[in-house]
Amino acid sequence: MAPTFVLVHGSGSNARTWSTAQQEMTLRGHRTIAVDLPGRGSGFSLAYHLQDLETFAAEPSALAGVTAAETIGHVVDVVRQVREHGPVILVGHSFGGLVITGVGNAIPDLIDRIVYIAAQCPVDRAAGEYPTRPEWAASDLLPATASIIVGNPMKLGFIRLNWRGADPASLAALRNAVSAELTEPEFLQALSASQPDEVLWQNDPEWDHRAEKDTWGRIPHTFIRLTNDRAMPLAAQDLYISEADRLTPDNPFEVHSVKSSHAGFFRYPREIVDILTGTS
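Quick summary incoming for the structure in this document. Just so it is clear, the structure is predicted and the values come from calculations on it, not from any experiment.

### Remarks on the sheet that holds strand β2 (residues 31–35)
Then comes step 1: With parallel pairing, the six strands of this open sheet are ordered in space as β2-β1-β3-β4-β7-β8. Of all the strands in the sheet, just β2 and β8 (254–258) have a single pairing partner and so form its edges. Each strand axis lies, on average, 20° off the axis of its neighbour in the sheet, ignoring direction.
Then comes step 2: Direction of pairing for strand β1 (residues 4–8) relative to strand β3 (residues 88–93): parallel, over a ladder of five bridges. Each bridged residue has a counterpart across the sheet, and for Val 8 the counterpart in β3 is Gly 92.
Then comes step 3: Its contacts with the sheet place helix α1 (residues 19–27) against β1 and β2, and it is angled at close to 165° to β2.

### Some thoughts on the packing of aromatic side chains
Then comes step 1: Taken as a whole and judged by the stated rule, the model has 12 aromatic pairs.
Then comes step 2: Between Tyr 116 and Phe 223, the aromatic rings sit 6.3 Å apart at their centres with planes inclined by 0°, giving stacked as the arrangement. Separated by 107 residues along the polypeptide, Tyr 116 in strand β4 (residues 113–117) and Phe 223 in strand β7 (residues 221–226) bring together distant segments of the chain.
Then comes step 3: Phe 223 sits in the buried class, given a relative accessible area of 0%.
Then comes step 4: Directly above the ring of Tyr 130 sits Arg 125, whose terminal nitrogen or CZ lies 5.3 Å from the centroid.
Then comes step 5: A cation sits over an aromatic face here: Arg 160 above Phe 56, 4.9 Å from the ring centre.

### As for the pairing of β3
Then comes step 1: In terms of burial, β3 is a largely internal element, six of the six residues being buried.
Then comes step 2: With five bridges joining them, β3 and β4 adopt parallel strand pairing. Looking across to β4, one finds that Val 91 is bridged to Val 115.
Then comes step 3: The parallel pair β3 and β4, bridged by helix α5 (residues 96–106), forms a crossover whose chirality is right-handed.

### Points about the side chain of Asn 251
Then comes step 1: In this structure, Asn 251 sits in the loop between α10 (234–247) and β8.
Then comes step 2: Under the relative-accessibility criterion, Asn 251 is labelled buried at 19%.
Then comes step 3: Only 2.8 Å separates the side chain of Asn 251 from the backbone oxygen of Gly 217, close enough to count as a polar contact.
Then comes step 4: In this view, Asn 251 contacts Gly 217, Arg 218, Ile 219, Pro 220 and His 221; residues no more than four positions away in its chain are not counted.

Reading the values: the criteria
- Residues numbered from 1 in each chain as written.
- Predicted model: local features only at pLDDT ≥ 70, side-chain atom pairs only at ≥ 80, totals over all residues.
- Heavy atoms only, no water.
- Pairing = 2+ DSSP bridges.
- Helix = DSSP H or I, 4+ residues; strand = E, 2+ residues; numbered from the N terminus.
- Axes fitted to C-alpha atoms, helices over the stretch in contact; angles between N-to-C directions.
- Contact = heavy atoms within 4.5 Å.
- Phe/Tyr/Trp six-rings, centres within 6.5 Å; stacked < 30°, edge-to-face > 60°.
- Buried < 20%, exposed > 50% of the residue type's maximum accessible area, 1.4 Å probe, protein only.
- Lys NZ or Arg CZ within 6 Å of the ring centre and 35° of its normal.
- Right-handed = clockwise from strand over helix to strand, strands pointing away.
- Polar contact = N/O pair within 3.5 Å; in protein donor to acceptor, adjacent residues only side chain to side chain.

The structure is reproduced here in structure tokens:
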């Protein structure tokens, strides 16, 4: 029986991110469903759209109070429903890797393969510790987003970014960090779907979900390295792989590499789809 691919987006994103990949997979005869994590998919307020910055800075967020348990549980529910129709391949990008790791721990017997695309897969330490390690030092993402942060995330209880408020220099830095191979019009189109708010997971112990040998470790797993990634450097991706392989030496990652930035593959997904569908 053919599998269904359950696609989980990364930080500051939503299910729409996967639309081009889903089109490619549908043309090849595959079933897919892209998941909006809780609080995503409808996070564009009128104030943000109109760039009424005073109102935008003060308005509440749909992400405030969203928990790790709620987020992971939402994907668990999707997998349970999809599983009624056949095998499930669970795919996560970036922050979505942290979510699918929690799902793999919770329901390993319902997942036939779990796939990470330059995605978080904590093993030896809490998720928030990885970006502080030397392997992440080359990341351009935090410097690029510094100029568009709205308010103090620690006081707000969530991260708010004004993607539409970037000046030309900040816009160039963002494109370089996230999808340098895209043209400026292509990048602006992608940026238009970016969610302004995200959960403040980095220092929250509730988000300490690490791959567990006896649950997650039973699932066949794949890691797709993005070799031109300037947001999650290749050394950081390889750290996740090496830690997981030490955890489950009899079930190591199946590793592939794609020449892509952190998000450029969404625009040109053919290589990724080749790997996901096993035709490469």
